[in-house]
Amino acid sequence: MSASQQTLERSNKRLLKVLEKSVVERPPIWLMRQAGRYLPEYREVRKGAGSFLELCYNPKLAAEVTLQPLRRFNLDAAILFADILLIPDALGQKVSFQEGEGPVLECISSEAELAALSLDNISGHLAPVFETLDRLKSELPDHVALIGFAGSPWTVATYMVGGRGSPDQRAARIWAARDPAGFQSLINLVVDATVIYLREQVDAGAEVLQLFDSWAANMPTAEFERWVIAPTKQIVAALGKSHPGVPIIGFPRGAGPAIPGYIQGTGVAAVGLDTGVPRDWAVEHVQPLCPVQGNLDPFALVAGGEALEREARAILESFKGGGHIFNLGHGIVPETPPEHVADLVDLVTSWQG
Ligand code: CP3
C-alpha cells in the first residue's frame, strides 16, 4: 500500500483522526466493555464457549463477540475481545474466572516465586489473540478502527499478587513498600511481556492501543510515579520505537489530579477520564495536553432516558473545544439495557456541536 493510500485509509476513521489531533465534526464513540453480558447474543456465545478464558482463546468466537456490538450500534471502534489477565496466564501463573466471583489467580508473594514465570512462551500462548485480530481486520467496515489493549503493569501486578480484585490492592501495595526491588522485578517482567504482546497485536492489525490502569487510585505520589508512570512510559517508548504512529490511550482510573503528570510522564497520545474527574478541571488542565476520552457514568447508561441524555449532552458540550473521544468512565455493567446504548450512540452520532 502506498503512503497516500494509507493516509486515506486512516483518515476515514474518526477515532484515528482525533488521535492525530485533526478536527472532526462530532467526537468518535466507542464504549469500554461494549462486548459483554448486557448483550443476549454475548450470553448465548459465552454459554457455548466453555470457560471465559476458552472464549478469549477461541479466535472465531472472540471475533464474533467483538463484532456483536458493531452490528447493533453505529460505533467508531471495535475493541479486541480478550482480558488484561491473559498476560499472567501467558507467563505461567494459574488464572481462572469463577462465576459471580471474578478472576482468581494463584498468588505470587515474593521475588523467588517469580522464577516460575517465564517470557518464553508469551507469543505462542497468545497466538489465538493475534488470530482474532487478524480475522477482525478483514471484517470491519472501513470507518471502524480496531483497538488492541493490555492492562498496565501496576494493575496486572495487583491481580498477580493479590490473587483477585480488592478494594485497596493491599497485597501489591504492601509488597511494593516492603521490598521495592523485588516488586520491581515483577513489574519489569510484566512490562517486557506487555511490550511483546502489544507489538504483536499491532502486527496483527490493531490500529490503536489502550492501557487499562484500573487500580491507579489512591497511590502516594512517589509510588504513582514508580509503579504507574514509569512502567507505562517504558511501554509507550518501546512501542513508539518499533511501531511509531500507533496511538496509545492511557486510562489511569482514579488518578485525579495526577493525570496531567501522567500524560507528560508517559507520553500517551490520549487519556481516559473516569466518572469522578470534574469536567471543568479536565478542560483546563487535561485537554490542552491531549485528547480526552470517557467520563460518562455507566449508571447513567443503566438509568437511560433524561438522566442519560442530560449527562451525555453535558459531556459533549464540555469537551467540544478540543480533542474528545466519547466513552464511559468505566465499563458497561451487565444490567445495562441495550436500547439505552442505542439511544446514546444515536445522540452522539447525530450531535452537531
Ligand atoms: O469489550 C471490551 O471492553 C473488550 C473486552 C474486555 C474484557 N475485559 C472482557 C471481559 C476488556 C478490555 C477487559 C479489561 C479488563 N479486565 C479490566 C480493565 C477494565 C476494568 O474493568 O477496570 C480488568 C480489571 C479486567 C479483569 C477482569 N475480567 C475482571 C475483574 C473481571 C470480572 C468482572 C466482570 O465483569 O465479570 C473480568 C471478566 C470479564 N472480562 C468479562 C468480560 C466480558 C465478563 C466475564 C464473563 O463473560 O463471564
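For the structure, see preceding data.
This report concerns the structure included in the present document.

Reading the values: rules and limits
- Residues numbered from 1 in each chain as written.
- Predicted model: local features only at pLDDT ≥ 70, side-chain atom pairs only at ≥ 80, totals over all residues.
- Heavy atoms only, no water.
- Near = heavy atom within 4 Å.
- Polar contact = N/O pair within 3.5 Å; in protein donor to acceptor, adjacent residues only side chain to side chain.
- 1 Å grid on protein atoms, 1.4 Å probe; cavity = no way out; pocket = protein on both sides within 12 Å on 5 of 7 lines; lining within 4 Å.
- Sits in = over half its atoms within 2 Å of the grid points.
- Helix = DSSP H or I, 4+ residues; strand = E, 2+ residues; numbered from the N terminus.
- Nonpolar A, V, L, I, M, F, W, Y, C, P; charged D, E, K, R; others polar.
- Points joined across faces, edges and corners; volume = space filled by probe spheres on them.
- Buried < 20%, exposed > 50% of the residue type's maximum accessible area, 1.4 Å probe, protein only.
- Pairing = 2+ DSSP bridges.
- Right-handed = clockwise from strand over helix to strand, strands pointing away.
- Salt bridge = Lys/Arg side-chain N within 4 Å of Asp/Glu carboxyl O.
- Phe/Tyr/Trp six-rings, centres within 6.5 Å; stacked < 30°, edge-to-face > 60°.
- Lys NZ or Arg CZ within 6 Å of the ring centre and 35° of its normal.

## Thoughts on the site of the ligand
1) Next: Surrounding the ligand, one finds 22 residues, the nearest of these being Arg-33, Arg-37, Tyr-42, Asp-83 and Ser-214.
2) Next: In this structure, Gln-34 approaches the ligand through a main-chain N or O atom, which is 3.3 Å from an oxygen atom.
3) Next: One of the side-chain N or O atoms of Tyr-42 is found 2.5 Å from an oxygen atom in the ligand.
4) Next: Taken atom by atom, the bulk of the ligand overlaps the largest pocket.
5) Next: Among the elements of the structure, α3 (40-48) and β3 (102-105) are those that each provide at least two residues to the shell around the ligand.
6) Next: Within the shell around the ligand, the residues separate by chemical class into 14 nonpolar, four polar and four charged.

## Notes on the layout of surface pockets
1) Next: Roughly 1300 Å³ of internal volume is contained in the largest pocket.
2) Next: Those elements that provide at least two residues to the lining of the largest pocket are α3, β2 (95-98) and β3.
3) Next: It is α3 that contributes the most residues to the lining of the largest pocket, three residues altogether.
4) Next: Each residue belonging to the lining of the largest pocket can be placed in one class, and the counts come to 23 nonpolar, nine polar and eight charged.

## Describing unusual backbone geometry
1) Next: The residue Lys-21 is not glycine, and still its phi comes out positive at about 70°.
2) Next: Among the structural elements, Lys-21 can be located in the loop between α2 (14-19) and α3.
3) Next: Within the chain, Asn-295 stands out as a residue other than glycine whose phi angle is a positive 90°.
4) Next: Position of Asn-295 relative to the elements: it lies in the loop between β8 (292-294) and α15 (298-303).

## Considerations on the pairing of strand β5 (residues 208-213)
1) Next: The buried fraction of β5 is high, at six of six residues.
2) Next: Burial of the side chains of β5 extends over both faces: Val-208, Gln-210 and Phe-212 are buried on one face and Leu-209, Leu-211 and Asp-213 on the other.
3) Next: In terms of strand pairing, strand β4 (residues 145-151) meets β5 through five bridges, oriented parallel. The residue of β5 that forms the bridge with Gly-151 is Phe-212.
4) Next: Handedness of the crossover joining β5 and strand β6 (residues 248-252) through helix α12 (residues 221-242): right-handed.

## Concerning the pattern of salt bridges
1) Next: Tallied over the full model, the rule gives 15 salt bridges.
2) Next: Residues Lys-47 and Glu-44 are paired through a salt bridge, measuring 3.7 Å at the closest nitrogen-oxygen approach. Here the residue Lys-47 and the residue Glu-44 both occupy positions in helix α3, the gap between them amounting to three residues, near one helical turn.
3) Next: Judged by its relative accessible area of 65%, Lys-47 is exposed.

## As for the packing of aromatic side chains
1) Next: A complete count under the given rule lists 10 aromatic pairs for this structure.
2) Next: Pairing Phe-52 with Phe-97 gives two aromatic rings, centres 4.6 Å apart and planes at 65°, and the pair type is edge-to-face. One end of the pair, Phe-52, is in helix α4 (residues 52-56); the other, Phe-97, is in strand β2, with 45 residues separating them in the sequence.
3) Next: In this structure Phe-52 comes out as buried when scored by relative accessible area, which is 11%.
4) Next: On the basis of an interplanar angle of 65° and a centroid distance of 5.8 Å, the ring pair of Trp-154 and Phe-183 is categorised as edge-to-face. Taken together, the residues span a long stretch of sequence, with Trp-154 in helix α9 (residues 153-162) and Phe-183 in helix α11 (residues 180-204) at a distance of 29 residues. Just as Trp-154 is buried, Phe-183 falls in that class too.
5) Next: Directly above the ring of Trp-215 sits Arg-253, whose terminal nitrogen or CZ lies 5.1 Å from the centroid.

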